[in-house]
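# Structure assessment
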Amino acid sequence: MWGGRFSGKPAELMQAINVSIGFDKRLAAQDLAGSRAHAAMLRTVGVISSEDEAAIQDGLSRIEAEIAAGTFPFRDEFEDIHMNVEARLRELIGPAAGRLHTARSRNDQVALDFRLWVRDACDRTVGQLQALQRALVAQAEAHADAVMPGFTHLQPAQPVTFGHHMMAYVEMFGRDAARFADARARMNESPLGAAALAGSPFPIDRHMTAKALGFDRPTANSLDSVADRDFALEALAAAAICGAHLSRLAEEIVIWMTPQFGFVKLSDAFTTGSSIMPQKKNPDAAELIRAKVGRLLGSFTQLTVVMKGLPLTYSKDMQEDKVPTFEAFDALELSLLAMAGMVADMRPNAEAMKAAAGAGFSTATDLADWLVRELGIPFRDAHHVTGAAVKRAEELGVDLPGLPLAELKALDNRITDAIFGVLTPQASAASRRSYGGAAPEQVRAQIARWKEILA
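Right, let's get into the nonpolar core. Phe180 and Met339 are the most contacted members of the largest nonpolar core, which totals 92 residues. The residues touching Phe180, leaving out its near neighbours within four places in the chain, are Cys122, Thr125, Val126, Leu129, Ala235, Ala238, Ala239, Cys242, Phe329 and Leu332. Among the nonpolar cores identified, the runner-up in size contains 20 residues, and Leu371, Leu375, Val385 and Val390 belong to it.

Written as structure tokens, this is what we have:
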């Protein structure tokens with residue numbers, strides 16, 4: 001492939017370190033799409049004949065069919081997907097194949113293929129995130145009234161509902177989807193036509209190929225076109241953040257599955273057993289999802305390190321951009337699909353959550369708010385009175401609803417038995433009617449909003 005400059009073959013070790021077809025064959029569909037657009041443009045501007053373009057297009061279609069059938073002869077001797085396709089095209093249609101590479105370099109070719117692949121991956125990920133959001137919304141709608149403890153520091157804080165908790169993750173994954181969409185919008189410029197690094201002397205039409213491939217426009221600087229991998233880094237950063245959100249939800253499922261919590265159950269479909277302990281039912285899917293963020297963050301770090309010291313424009317280091325990106329999106333796709341399945345499979349235990357919602361003096365803030373609202377006490381003073389009430393309840397071995405009225409009056413004799421109406425977990429959650437709050441009516445409003453967005 002190197003023409004007349006080289007007379008010898010590469011050493012076996014050189015071949016081993018240099019060959020990328022083992023992984024970049026995943027770019028086959030993108031490579032064929034780029035070649036089709038390039039050939040059509042070359043014919044339109046008069047660089048190649050209509051006969052040559054027809055032969056090239058026919059050959060590319062035959063190659064596509066071979067790849068689909070699993071009969072395409074991927075060969076290490078041709079290094080990468082680009083040269084494998086070109087070599088096979090020459091075998092199929094003869095010398096006309098050699099005209100396809102006019103006004104094109106492997107530098108802009110791989111930049112195009114990889115950008116198309118990452119763009120497709122972002123689109124798939126948005127769809128997978130929306131499927132997960134729909135599963136979360138369905139759980140939220142079914143359990144909008146199911147009271148559960150809300151936590152800070154993993155200590156009981158204030159009662160919320162299971163529906164409200166599910167909708168928190170809908171918001172997180174909505175931001176993740178927006179990050180992938182934003183990254184896609186920024187990467188939607190075509191590097192094809194930048195050639196090796198300086199552009200082309202041929203009268204090519206880069207706007208034509210950009211439009212044919214679904215890009216908004218061609219890239220504006222030929223050096224940047226072949227040197228840029230920001231698009232992959234940004235997508236990997238979005239993947240790492242998404243992985244962190246998945247890991248948080250996975251951790252909660254692991255906790256909720258313990259007998260000490262007992263908030264949810266998973267069926268046999270998303271659990272495993274033990275080789276020695278017959279009673280075990282382990283949330284292994286959640287645990288594996290929890291671990292995937294390490295792979296996602298590692299991929300982002302790996303590509304950052306590859307790119308951080310490279311002078312413009314292309315260096316062979318950049319061949320190492322694909323494996324971490326492919327691995328990251330493989331891991332993210334599996335995690336999103338598994339999480340959506342697990343969320344749909346979850347069976348919340350409303351009674352266990354309700355019992356836990358009242359523990360740990362979780363309605364203490366409601367007592368303080370009542371003192372402010374009904375007695376006009378400044379909040380800081382009400383906070384002090386409530387703290388004293390909690391301390392006294394703890395001494396008596398009761399929770400706040402069980403604290404005798406006389407004990408409360410000893411703290412402030414204006415307190416009446418009306419205070420007990422706000423000290424249940426259900427009343428506490430229902431009172432949080434501010435926009436985005438835990439009140440079931442607010443939860444249902446957010447459910448309706450997201451159902452419309454995801455429709």
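With that settled, consider the packing of aromatic side chains. As enumerated under the stated definition, the model contains 10 aromatic pairs in all. With centroids separated by 6.1 Å and ring planes inclined at 50°, the aromatic side chains of Phe151 and Phe261 adopt a geometry described as tilted. Linking Phe151 in strand β1 (residues 147–152) with Phe261 in the loop between α10 (230–257) and β5 (264–265), this pair joins segments that are 110 residues apart in sequence. Note on Phe261 and Phe263: the rings are 5.2 Å apart at their centroids and 75° apart in plane angle, and the pair reads as edge-to-face.

Next up on the list: the environment of Val264. Note that Val264 resides in strand β5. Setting aside chain neighbours within four positions, we find Val264 in contact with Phe162, Trp256, Met257, Met346, Arg347, Pro348 and Asn349.

As paired strands, β1 and strand β2 (residues 155–161) are joined by six bridges and run antiparallel to one another. Directly across from Met148, in β2, lies its bridge partner Val160. From the end of β1 to the start of β2, which pair antiparallel, there are two residues, and His153 there has a positive phi angle of about 60°.

For helix α5 (residues 81–93), which comprises 13 residues, the first-to-last C-alpha distance of 18 Å matches the rise-based estimate of 18 Å (1.5 Å per residue) to within 8%. In terms of burial, α5 is a largely internal element, 10 of the 13 residues being buried. Considered for burial, the residues of α5 that qualify are Ile81, His82, Met83, Asn84, Val85, Ala87, Arg88, Leu89, Leu92 and Ile93. Against α2 (21–24), α3 (28–44), α4 (50–69) and α6 (106–142) lie the buried residues of α5. Taking the backbone nitrogen of His82 as reference, a side-chain oxygen 3.1 Å away marks Asp80 as the first, capping residue of α5. Directly after α5, the chain includes Gly94, whose backbone phi takes a positive value near 85°.

The next point concerns a nonpolar patch on the surface. Taken together, the side chains of Leu197, Leu223 and Leu312 define a hydrophobic patch exposed on the protein surface, amounting to about 270 Å² of accessible area. Here Leu197 lies in the loop between β3 (189–190) and α8 (206–212).

Okay, the state of the cysteines next. Scanning the model with the defined rule gives zero disulfides in all. Free cysteine: Cys122, not disulfide-bonded; nearest cysteine sulfur from Cys242 at 11 Å. Taking the relative accessible area as the measure of exposure, Cys242 reaches 0% and is therefore buried.

Time to look at the packing of α4 against α5. At their nearest, the axes of α4 and α5 sit 9 Å apart, and the two run at 115° to each other. With respect to their mutual orientation, α4 and α5 come out roughly perpendicular. The handedness of the crossing between α4 and α5 comes out as right-handed. Between α4 and α5, the residues in contact are Ala55, Ile56, Gly59, Leu60, Arg62, Ile63 and Glu66 and Val85, Arg88, Leu89, Leu92 and Ile93, respectively. Classifying every residue of the contact of α4 with α5 by side-chain character gives eight nonpolar, one polar and three charged.

Criteria and cut-off values
- Residues numbered from 1 in each chain as written.
- Predicted model: local features only at pLDDT ≥ 70, side-chain atom pairs only at ≥ 80, totals over all residues.
- Heavy atoms only, no water.
- Core = buried A, V, L, I, M, F, W, Y, C linked by side-chain atoms within 4.5 Å.
- Buried < 20%, exposed > 50% of the residue type's maximum accessible area, 1.4 Å probe, protein only.
- Contact = heavy atoms within 4.5 Å.
- Phe/Tyr/Trp six-rings, centres within 6.5 Å; stacked < 30°, edge-to-face > 60°.
- Helix = DSSP H or I, 4+ residues; strand = E, 2+ residues; numbered from the N terminus.
- Pairing = 2+ DSSP bridges.
- Expected span 1.5 Å × (residues − 1).
- Polar contact = N/O pair within 3.5 Å; in protein donor to acceptor, adjacent residues only side chain to side chain.
- Patch = residues over 30% accessible without salt bridge, like charges linked within 9 Å, V, L, I, M, F, W, Y side chains within 5 Å.
- Areas by Shrake-Rupley, 256 points an atom, 1.4 Å probe, with all protein chains shown as cover.
- Salt bridge = Lys/Arg side-chain N within 4 Å of Asp/Glu carboxyl O.
- Disulfide = S-S within 2.5 Å.
- Axes fitted to C-alpha atoms, helices over the stretch in contact; angles between N-to-C directions.
- Parallel < 35°, antiparallel > 145°, perpendicular 65-115°, else oblique.
- Left-handed = near helix turned anticlockwise from the far one by under 90°.
- Nonpolar A, V, L, I, M, F, W, Y, C, P; charged D, E, K, R; others polar.

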